[in-house]
Amino acid sequence: DIVEVKSMSNPPEGVKLVMEATCIMFEEKPKMLIDPSNIKRKIADYWEPAKKLLVDPNRFLESLMMYDKNNIPEHIIKKIEPY
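Keep in mind it's a predicted model, so treat the numbers as computed, not measured. (Residues numbered from 1 in each chain as written. Predicted model: local features only at pLDDT ≥ 70, side-chain atom pairs only at ≥ 80, totals over all residues. Heavy atoms only, no water.)

K.L.:
Explain the pattern of salt bridges to me, please; I cannot follow it from the model alone.
P.N.:
When the charged atoms of two side chains with opposite charge come close together, those side chains can pair. Scanning the entire structure with this criterion turns up three salt bridges. Here K51 and E48 are joined by a salt bridge, their closest N and O atoms 3.6 Å apart. Taken as a pair, K51 and E48 lie in helix 3 (residues 47-53) at a separation of three residues, close to a single helical turn. Overall, the relative accessible area of 23% leaves K51 in the partly exposed class. Look at E48 and you get partly exposed, because its relative accessible area is 34%. (Salt bridge = Lys/Arg side-chain N within 4 Å of Asp/Glu carboxyl O. Helix = DSSP H or I, 4+ residues; strand = E, 2+ residues; numbered from the N terminus. Buried < 20%, exposed > 50% of the residue type's maximum accessible area, 1.4 Å probe, protein only.)

Following this line, the structure appears as structure tokens:
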């Protein structure tokens, strides 16, 4: 359930992947973190912005149901393609 997902500090990869794609679709910007394998590089972390989307589970579900899938901007389509 959404409340359980929101409370996870380190969710499973599948949950992270779905929420990352959701953030991209809703144009939520990631938090840029230092890459642990290369401190000179930053990696996009979508979990913090994803948790903000999950604050109100009913609103989140409604936003998913009301998402205009027929009018997705081209820049979002390009960004979401790898998923």
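K.L.:
Mind showing me how you'd approach the nonpolar core here?
P.N.:
Here is a general trend for soluble globular proteins: nonpolar side chains tend to be buried in one another's company. Counting residues in each nonpolar core, the largest one holds 15 residues, and the members touching the most others are M19, C23, W47, A50, L54, F60 and I80. If you list the elements that add at least two residues to this core, you get helix 1 (2-7), helix 2 (13-25), helix 3 and helix 5 (74-80). At five residues, helix 2 tops the list of elements feeding residues into this core. (Core = buried A, V, L, I, M, F, W, Y, C linked by side-chain atoms within 4.5 Å.)

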